[in-house]
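Take a look at the letters that make up each chain.
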Amino acid sequence: MKNEVSRRRGLMLCCPHQTAQEITQISLVDLKSRSIAAVILDLDNTLVRWQQEDISEDVLGWIQQAKELGFALCILSNSFSGHRVKRMAERLNVPFVRRAKKPGRAGFQQAFRLLGCRAEEAAIIGDQLFTDILGGNRAGIHTILVNPIHSREFLYTRIISRPPERMLIRHFRRLGHMNH
Ligand SMILES: [Mg+2]
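Here is a short report on the structure shown in this document. Every value quoted in this text rests on a predicted model; they were computed, and no experiment measured them.

### Some details on the overall build of the chain
Phase 1: Assigned secondary structure in the chain consists of six helices and six strands.
Phase 2: Relative to its length of 180 residues, the chain is compact, with a C-alpha radius of gyration of 15 Å against a globular reference of 16 Å.
Phase 3: Based on the C-alpha atoms only, the size of the chain along its principal axes is roughly 40 × 40 × 30 Å.
Phase 4: For the chain, the residues scored as buried account for 49% of the 180 residues in total.
Phase 5: For the chain, long-range pairs separated by at least 24 residues make up 68% of all intrachain contacts whose partners lie at least 6 apart in sequence.
Phase 6: Surface summary for the chain: the accessible area is close to 9,100 Å², and the carbon and sulfur share equals 51%.
Phase 7: Of the charged side chains in the chain, 27 are positive and 17 negative, and the gap between their average positions amounts to 8 Å.

### Some words on helix α4 (residues 105-115)
Phase 1: Residues of α4 that are buried: Gly 107, Phe 108, Ala 111, Phe 112 and Leu 115. Angularly, the buried residues of α4 cover 145° about the axis, an arc narrow enough to put them on a single face. Every exposed residue of α4 that faces more than 90 degrees away from the buried side is listed here: Ala 106 and Arg 113.
Phase 2: One or two residues past the end of α4 sits Gly 116, with phi positive at roughly 65°.

### Digging into the pattern of salt bridges
Phase 1: Overall, the coordinates contain twelve salt bridges when judged by the stated rule.
Phase 2: When the shortest N-O distance is used, the salt bridge between Arg 34 and Asp 30 registers 3.1 Å.
Phase 3: Here Lys 102 ties to Asp 132 by a salt bridge, and the two come within 2.7 Å at their closest N and O atoms. You can see Lys 102 sitting in the loop between β4 (96-97) and α4 and its partner Asp 132 sitting in helix α5 (residues 129-138), a full 30 residues away along the chain. Like Asp 132, Lys 102 is buried.
Phase 4: Salt bridges linked by common partners bring Asp 127, Glu 153, Arg 162 and Glu 165 together as one network.

### Describing the environment of Gly 70
Phase 1: Residue position: Gly 70 is located in the loop between α2 (57-68) and β3 (72-76).
Phase 2: For Gly 70, a relative accessible area of 53% corresponds to the exposed category.
Phase 3: Gly 70 sits 102 residues away from Phe 172 along the chain, and the two C-alpha atoms are 33 Å apart.
Phase 4: Ignoring any residue separated from it by four or fewer positions in sequence, one finds Gly 70 in contact with Lys 32 and Ala 37.

### What to know about the coordination of the magnesium ion
Phase 1: Those donors, Asp 42 (OD), Asp 44 (O) and Asp 127 (OD), are the protein atoms that reach the magnesium ion, and they lie 2.0 to 2.2 Å from it.
Phase 2: The sequence pattern formed by the donor residues of the magnesium ion is D-x1-D-x82-D. Taken together, the positions of Asp 44 in the loop between β2 (38-41) and α2 and Asp 127 in the loop between β5 (122-126) and α5 put the pair 83 residues apart, joining distant regions of the chain. One exposure class covers both Asp 44 and Asp 127, and it is buried.

### A short note on unusual backbone geometry
Phase 1: Residue Pro 103 is bonded to the preceding Lys 102 through a cis peptide linkage, with omega at 15°.
Phase 2: With a phi close to 55°, Asn 93 is a non-glycine residue in the positive phi region.
Phase 3: Checked against the element boundaries, Asn 93 lands in the loop between α3 (82-92) and β4.
Phase 4: Judged by its relative accessible area of 63%, Asn 93 is exposed.
Phase 5: For Arg 99, which is not glycine, the phi torsion reads 50° and is therefore positive.

Each value, and the rule that gives it
- Residues numbered from 1 in each chain as written.
- Predicted model: local features only at pLDDT ≥ 70, side-chain atom pairs only at ≥ 80, totals over all residues.
- Heavy atoms only, no water.
- Helix = DSSP H or I, 4+ residues; strand = E, 2+ residues; numbered from the N terminus.
- Rg over C-alpha atoms; globule rule 2.2 N^0.38 Å.
- Buried < 20%, exposed > 50% of the residue type's maximum accessible area, 1.4 Å probe, protein only.
- Contact = heavy atoms within 4.5 Å.
- Areas by Shrake-Rupley, 256 points an atom, 1.4 Å probe, with all protein chains shown as cover.
- Lys, Arg positive; Asp, Glu negative; His and termini not counted.
- Charge placed at Lys NZ, Arg CZ, Asp CG, Glu CD.
- Arc of directions from axis to C-beta.
- Salt bridge = Lys/Arg side-chain N within 4 Å of Asp/Glu carboxyl O.
- Donors = N, O, S within 2.8 Å, 3.2 Å for Na, K, Ca; no water.

Next comes the structure, spelled out in structure tokens:
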């Protein structure tokens, strides 16, 4: 089956193609069947708690399985803590882009180069509509929203981003665009 990412416009640029409670609930077999070969991973509150470095066994297992299934992986993080992003990427043995400035396109282009993939073959998994999902949709890739691992996060995110994000999620759910 060919991956036909529906191009999004307007408000729908913030709407994910897929949602999951957490990354470990995303079926890698399903991603394969959509012809996705590369997965871009947000770091904070997607793989680990904000500014933390402990990765759960479940997440490690999912990443291992993704590698075994032949997915190319990379971390795309807006974090300014470049050393931490680098350490995490080294521990997972995946390439990374730090200070990515999502939803800007440049970080995604850099990720495509690292992954050696085209946009049609890529997906992003992240916990924020206005960075991960908006950026992914602008870049024309399959976008997957997960719930943040923990409520602790960057103050700007909590105060500025989350309230309109919750409103949009309610809106998308009402229209039937989000499966949970
Ligand atoms: Mg995040």
